[in-house]
Amino acid sequence: MRPIPTFDKPLLSVRNLRTSFFQDEGTTKAVDGASFDVEPRKTLAIVGESGCGKSVTAQSILRIVDRPGRIVDGEIILTRADGSQTDLVKLDANGAEMRSIRGGEIGLVFQEPMTSFSPVHTIGAQLVEAIRLHNDVSKQEARRLGIEALRSVGIPKPERRIDEYSFELSGGLRQRAMIAVALSCDPRLLIADEPTTALDVTTQAQILDLLRTLQRERGMAIMLITHNLGVVAEMADDVVVMYLGRVVEQGSVDAIFHDPKHPYTKALLQSIPSIESVPKQKLPTISGSIPHPFNRPRGCPFHPRCVSAMPGRCDTADPTLCEIGDGRKASCFLYS
Amino acid sequence: MVAYIVRRLVLAVMTVWAISVLSFLIIHLPPGDYVTSYIASMSASGSAVSADEAQALREQLGLDKPIHVQYAKWMGLILQGNFGMAMEWGRPVADVIGDRLMLTMVISVAAIVFTWGLALPIGIYSAVKPYSIADYAFTLIGFIGLAIPGFLLALVVMYIGFAYFGANVGGLFSPDFAEAPWSPAKLWDLTKHLPIPAIVLGVAGTAQLIRIMRSNLLDELRKPYVMTARARGLSEYRTIMRYPVRVALNPFISTIGYLLPYVVSGSIIVSLVLSLPTVGPLLLKALIAQDMFLAGTIILLLGVMTVIGTFLSDLLLMWVDPRIRLGRDGR
Amino acid sequence: MADNAAASVASPALDVAVAAEDRIAVATQWQLIWWRFRKHKLAVGGTVVLIAFYVVALFADFFAYVDPTESEAQRSLMAPQDIHWFDEGAFRPYVHPLKGTRDPKTFKRVYVPDTTAKVPVKFFGHGDPYLFLGFIPADRHLIAVEGAKASETLFLLGTDTHGRDLWSRLMYATRTSMTIGLVSVALSLVLGVILGGVSGYFGGTVDTVIQRVIEILRSIPTIPLWMGLAAALPSDWSVVQMYFAITIIISLIGWTELARVVRGRFISLKQEDFVMAAELVGCSKARIIFRHMVPSFVSHIIAATTLAIPAIIISETSLSFLGLGLRPPAISWGVLLQDAQNIQALVISPWLLYPAVAVIIAVLAFNFMGDGIRDAADPYL
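Being a predicted model, the structure only gives us computed values, none of them experimental.

Chemist: How should the overall build of chain A be read in this particular structure?
Modeler: If you tally the helices and strands in chain A, you get 10 helices and 12 strands. Relative to the 2.2 N^0.38 estimate, which gives 20 Å for 336 residues, the radius of gyration of chain A is 21 Å and therefore close to what a compact globule would have. Projected onto the principal axes, the alpha-carbon positions of chain A cover approximately 65 × 50 × 45 Å. In chain A, which comprises 336 residues, the share counted as buried stands at 49%.

Chemist: What is the right way to look at the overall build of chain C in this model?
Modeler: On a plain count of helices and strands, chain C comes out with 15 helices and eight strands. In chain C, which comprises 381 residues, the proportion classed as buried is 40%. Contacts spanning at least 24 positions in sequence make up 69% of the contacts within chain C whose residues lie at least 6 apart.

Chemist: Teacher, can you tell me more about the environment of Phe-37 of chain C here?
Modeler: Residues and elements named next belong to chain C. Relative to the assigned elements, Phe-37 resides in helix 3 (residues 29–39). The exposure class of Phe-37 is partly exposed, given the 19 C-beta atoms found within 10 Å. Along the sequence, Phe-37 and Ala-259 sit 222 residues apart, while their C-alpha atoms lie 24 Å from each other. Residues in contact with Phe-37, not counting those within four places in the same chain, are Ala-43, Gly-372, Ile-373 and Ala-376.

Chemist: I would appreciate a short explanation of the interface of chain C and chain B in the present structure.
Modeler: Size of an interface, as often reported, equals the accessible area lost when the parts are brought together. Tallying the contact residues gives 35 residues for chain C and 41 residues for chain B. Sorting the residues of the side of chain C that touches chain B by element identifies helix 8 (204–218), helix 9 (222–231), helix 12 (285–322), helix 14 (343–348) and helix 15 (354–377) of chain C as the ones contributing at least two each. Counting residues per element, the side of chain C that touches chain B draws most heavily on helix 9 of chain C, which supplies eight residues. Of the residues belonging to the side of chain C that touches chain B, the class tally is 26 nonpolar, six polar and three charged.

Chemist: What exactly am I supposed to notice about the nonpolar core here?
Modeler: Soluble, globular proteins show a tendency: their nonpolar side chains are buried together. If you look at the biggest cluster of nonpolar residues, it comprises 266 residues, and the most contacted ones within it are Leu-189, Met-223 and Met-242 of chain A together with Leu-283 and Ile-298 of chain B. With 14 residues, the top contributor of residues to this core is helix 12 of chain C. In this structure, Met-242 of chain A is in contact with Ala-34, Ile-46, Val-47, Gly-48, Cys-52, Gly-53, Lys-54, Val-247 and Val-248 of chain A, ignoring residues within four places of it in sequence.

Chemist: Would you take a moment to explain helix 4 (residues 67–79) of chain B for this structure?
Modeler: For an α-helix the count is 3.6 residues per turn, leaving residues at separations of three or four pointing the same way. Residues and elements named next belong to chain B. Taking 1.5 Å of rise per residue, 13 residues should cover 18 Å, and helix 4 covers 18 Å from first to last C-alpha, within 8% of that figure. With one of 13 residues buried, helix 4 is to be regarded as a mostly surface element. Looking one or two places after helix 4, you find Gly-81, whose phi comes out positive at around 95 degrees.

Chemist: It is not clear to me how the environment of Tyr-125 of chain B should be interpreted in this structure. Could you clarify?
Modeler: Residues and elements named next belong to chain B. Here Tyr-125 is to be found in helix 6 (residues 100–128). The class for Tyr-125 is partly exposed, based on 18 C-beta atoms found within 10 Å. Sequence separation of Tyr-125 and Leu-301 is 176 residues, and the distance between their C-alpha atoms is 38 Å.

Chemist: Where do I start with helix 13 (residues 244–254) of chain B in this structure?
Modeler: Among the residues of helix 13 of chain B, those classed as buried are Pro-244, Val-245, Val-247, Ala-248, Leu-249 and Phe-252 of chain B. On its buried face, helix 13 of chain B is in contact with helix 6, helix 10 (195–221), helix 11 (224–231) and helix 12 (236–242) of chain B.

Chemist: Even after reading the chapter, I still don't get the sheet that holds strand 9 (residues 238–243) of chain A, so can you show me in this structure?
Modeler: Strand-to-strand pairing in sheets goes through backbone hydrogen bonds, with the strands running parallel or antiparallel. All names here are of chain A. An order of 6-7-8-3-9-10-12-11 is seen for the eight strands of this open sheet, with the pairing classed as mixed. Strands with a single pairing partner mark the edges of an open sheet, and in this sheet they are strand 6 (106–109) and strand 11 (322–323). Where strand 3 (residues 43–47) meets strand 9, four bridges bridge the pair, whose relative direction is parallel. If you follow Val-47 over to strand 9, its bridge partner there is Val-241. With respect to the sheet, helix 6 (residues 171–183) is in contact with strand 6 and strand 7 (189–193), its orientation differing from that of strand 6 by roughly 170 degrees.

Chemist: Even after reading the chapter, I still don't get the sheet that holds strand 2 (residues 90–95) of chain C, so can you show me in this structure?
Modeler: Residue and element names in this part refer to chain C. Here four strands make up an open sheet; going across it, the order is 1-2-5-8 and the pairing antiparallel. Where the open sheet ends on each side, the last strands, each with one partner, are strand 1 (84–87) and strand 8 (143–145). Strand-to-strand twist of the sheet, defined as the mean angle between neighbouring strand axes without regard to direction, takes the value 50 degrees. Sheet topology places strand 5 (residues 119–123) next to strand 8; three bridges connect them, and they run antiparallel. Across the sheet, Lys-122 pairs through a bridge with Ala-144, a residue of strand 8.

Chemist: Can you help me understand the confidence of the model for chain C in this one?
Modeler: In low-pLDDT segments, the atomic positions of the prediction should not be examined closely. Looking at chain C as a whole, the pLDDT averages 77, with 89% of positions reaching at least 70. In the predicted structure, residues 1–18 of chain C sits below a pLDDT of 50 and forms 31 contacts with residues beyond four places in sequence or in another chain.

Chemist: Please explain unusual backbone geometry as it appears in this structure.
Modeler: Leaving glycine aside, a negative phi is the common case for residues, and trans is the common case for peptide bonds. All names here are of chain A. Its identity is not glycine, yet Arg-41 carries a phi of approximately 60 degrees, on the positive side. Tracing the chain through its elements places Arg-41 in the loop between strand 2 (26–38) and strand 3. Taking the C-beta count within 10 Å as the criterion, Arg-41 has 16 such neighbours and is therefore assigned partly exposed. Positive phi, normally seen in glycine, also occurs at Glu-194, with a value near 50 degrees. Mapped onto the secondary structure, Glu-194 falls in the loop between strand 7 and helix 7 (201–218).

Chemist: Would you mind going over the environment of Lys-39 of chain C with me for this structure?
Modeler: In this fold, Lys-39 of chain C is placed in helix 3. According to the C-beta neighbour criterion, Lys-39 of chain C is exposed, with 12 such atoms within 10 Å.

Chemist: Explain the packing of helix 3 of chain C against helix 15 of chain C here, please?
Modeler: Packed helices, taken two at a time, are described by their axes: the angle between them and the distance between them. Residue and element names in this part refer to chain C. Two elements in contact, helix 3 and helix 15, have axes whose closest approach is 8 Å; the angle formed by their N-to-C orientations is 130 degrees. Of the possible angle classes, the one that applies to helix 3 and helix 15 is oblique. Considering how the two elements wind past one another, helix 3 and helix 15 form a crossing that is right-handed. Contact with helix 3, carried on its side by Ile-33, Arg-36 and Phe-37, involves Gly-372, Ile-373, Ala-376 and Ala-377 of helix 15 and no other residues of that element. Partitioning the contact of helix 3 with helix 15 into residue classes produces five nonpolar, one polar and one charged.

Chemist: How should I be thinking about the packing of helix 11 (residues 273–281) of chain C against helix 12 of chain C in this particular structure?
Modeler: Residue and element names in this part refer to chain C. With their axes 11 Å apart at the nearest point, helix 11 and helix 12 run at an angle of 145 degrees to one another. By crossing handedness, the relation of helix 11 to helix 12 is classed as right-handed. Listed contacts from helix 12 to Phe-274, Val-275, Ala-278 and Glu-279 of helix 11 are Ile-288, His-292 and Met-293.

Quick notes on the rules
- Residues numbered from 1 in each chain as written.
- Chains lettered and ligands numbered in written order.
- Predicted model: local features only at pLDDT ≥ 70, side-chain atom pairs only at ≥ 80, totals over all residues.
- Helix = DSSP H or I, 4+ residues; strand = E, 2+ residues; numbered from the N terminus.
- Rg over C-alpha atoms; globule rule 2.2 N^0.38 Å.
- Buried ≥ 20, exposed ≤ 12 C-beta atoms within 10 Å, placed from the backbone.
- Contact = placed C-beta atoms within 7 Å.
- Nonpolar A, V, L, I, M, F, W, Y, C, P; charged D, E, K, R; others polar.
- Core = buried A, V, L, I, M, F, W, Y, C linked by C-beta atoms within 7 Å.
- Expected span 1.5 Å × (residues − 1).
- Pairing = 2+ DSSP bridges.
- Axes fitted to C-alpha atoms, helices over the stretch in contact; angles between N-to-C directions.
- pLDDT = per-residue confidence, 0-100.
- Parallel < 35°, antiparallel > 145°, perpendicular 65-115°, else oblique.
- Left-handed = near helix turned anticlockwise from the far one by under 90°.

Okay, here's the thing in structure tokens:
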């Protein structure tokens, strides 16, 4: 494995990203000003409820946002292997450069192992295709590399499995194969969008172990998208909390879990059932529910459900993400 | 896979059986039987048939036996290749049908090839760029194609050909080749005459297939594996052609099963209007003349050819879809 | 403010201060379908056209101006007449009457327009008497002429080979062709819903058997079969008997599509949680089917039924065109098109193709309307 070069700069830097979906019924601001950095060799977890824009952020980075969605503002700055920086937003989504980055420098592992593979092509066909897209090798060589890739993710008898169809593999094996495809070209950043949500708990643990091992071996960075705080605690170095398309808090995993600053983060952590909680007590939940995307509240997006909301301030102005010391950031009027 | 083939084969056989029963019923539906029409045609030419002679004839032909016995006899004869006599023509049915059945299948297949050739790219384009001007235009043309019954289109084509070009655009052969024995030259002549019948027959089916392809592909395009293919770095064109199109192709291929009967059906009337030497005009004449053996046999053979075609398309589908080959997906 | 924001994403019940959103919140299912349908311009257009067709069908006697069976051989194959709309600057529509002369070459009596005379055309004027709806005497027609007999003067779409006025025949043909579709589809609907429902709801062997039957019927080429069945009908049956026999024949094969749709709906609905909830509460099977399941897919059935009608119209037209369906003196679009079978005659008298235009428009209209209903009923289709 070639050593992944590191520089002083973050591997990936997202600045003020805005992605919106333009439909007849209205415009949905799926990502509404998100900013965060991914450090090389580290794992960044992006946490939030369904619909907060985590997946769309990942798609925006890879420039595969589906119509009618479009990136409308912001920068996504990738530090390349030679130290130069490229703004991914400015590239042509279907152009050669973006396509070589996609799958080559940034890999994607998806949530749905069931349907992430084409049902009518073998695993091997899709694996070999990915390899040959980013490496100039012959078919036989690519096949050999593919078998190696399957072996490296712990799939037994890879030389047989490579010719099987996705429906012939179990869920766990399928997800491993998915990871193999994503890693087959040695990406410097792996984006994992809910990689374990569709798996049972035992397989979940195995896949997370695998990801950690591979990260150590290859020195790659992982951007882990999940709504499962347990997974975050296990895997992440840094955490970004998103709500309604915005980053509301950012910090190291220890800081976030032991000393959450934003009311939303606090509420999320409180709502996790814990072995230490008092029995027969009602589990705290966050009151209300996520607003309809066409119906965003004025002011801070969280204020209607916030226990610390300050009337007059929180319902009129928009808080911005600012430093609150120790490398932590929060987007809340309590701190600014 | 074997289970699949056996299932489709059993279904095909059952369908053929059902068609044979229906054909037999049609043959015997009109009042009177073969002997009655025989007597009628004899007396028309001047000779009379006595009641005893009629009875003897009936016994000889087994017409006094119960209907299921007659059916069994008829099926027995058919399986030996004896299709009975065409009364109007006074010749064996097989002779009268001759080339026509094969030609019917030729234009049907040509129509299907045309239909596919057009529907596939248009369907793909409409799905990839939905709600664009081209999409609406194709949808509209498709609708019009759906709305015009084949024979009307044939009429219009004939009319235009005659009125503006003074040419008779019907027929499958030029006059010199019509009765000639088969040769490469005759084959070429046939090919030159195929486009118009193929297009006229195929237009309605094209519209349907475009809609099917469009909606299937639209569904597939939303699925995750398309996104992962893109995420691997494939170009947009390759992403779409290699993956969702390939998957959407399967239900597309399975439509032959219904397209073939539809096209064969349509060819009957279209060949009447375009004066094609196929089974259509022959069937109509037979029905009007109440020559039931000829008519019933034609219906039977048409049905059988269609079932064979459908079965072949099932095999094609199996070859193309690994899910069926390996026995998954409950098919 | 908090109330405004706290709205659920799942249901369409948004309580925002936007009036349209509020309306959606309290709309019934049928209202929602109607609003979506309204947005579909083609579908609405198709519906308007169909209403027009059925108005013609109902009031055929009013729209026609002569008896459709009145024939005169010497008037055969006359070209459509022009209505002259302006008479010396004033809006006074008129036509030239016909006068009989002898063709100098053949010495046969022919009719040619007499350009010296003008017969005023009146709309909603008096004409030949008829019985509206079979029992109300009336004599007003859409188009009539003053001071002359319509049967000798008006030939707006020309005449056929027997000298019968095509316009009037077209009006009556519309009545027959549009209603045969309805009767036939009603039969198919009954068969389809019963068999499809039984198949879908009970599953198991019953389902397999019915499924096989449907598959078999679908793989048989229909037209030869219809031709055979139609030809087997005794030729001495009355027009009405033939009408119903043809209807039954067509619907005997047409029900398969509807059965498939119904079965599909039942199968997917069976697994819905609300069905299980109803069972757990103790509802009888009949109640579950009719009160709970059927309302969910009535709109789909309506869409499928509407889309089935064009095929029936085309089938009847095809059969009659061949001479195997409805036969004279019955009048339908197919019967009218029989005259167009002869290409040589057609080239000389292209107006014989006008009934084809009616067929095409009707089929298009049904298709548009049916598509509109289907898209409105199921936004996820």
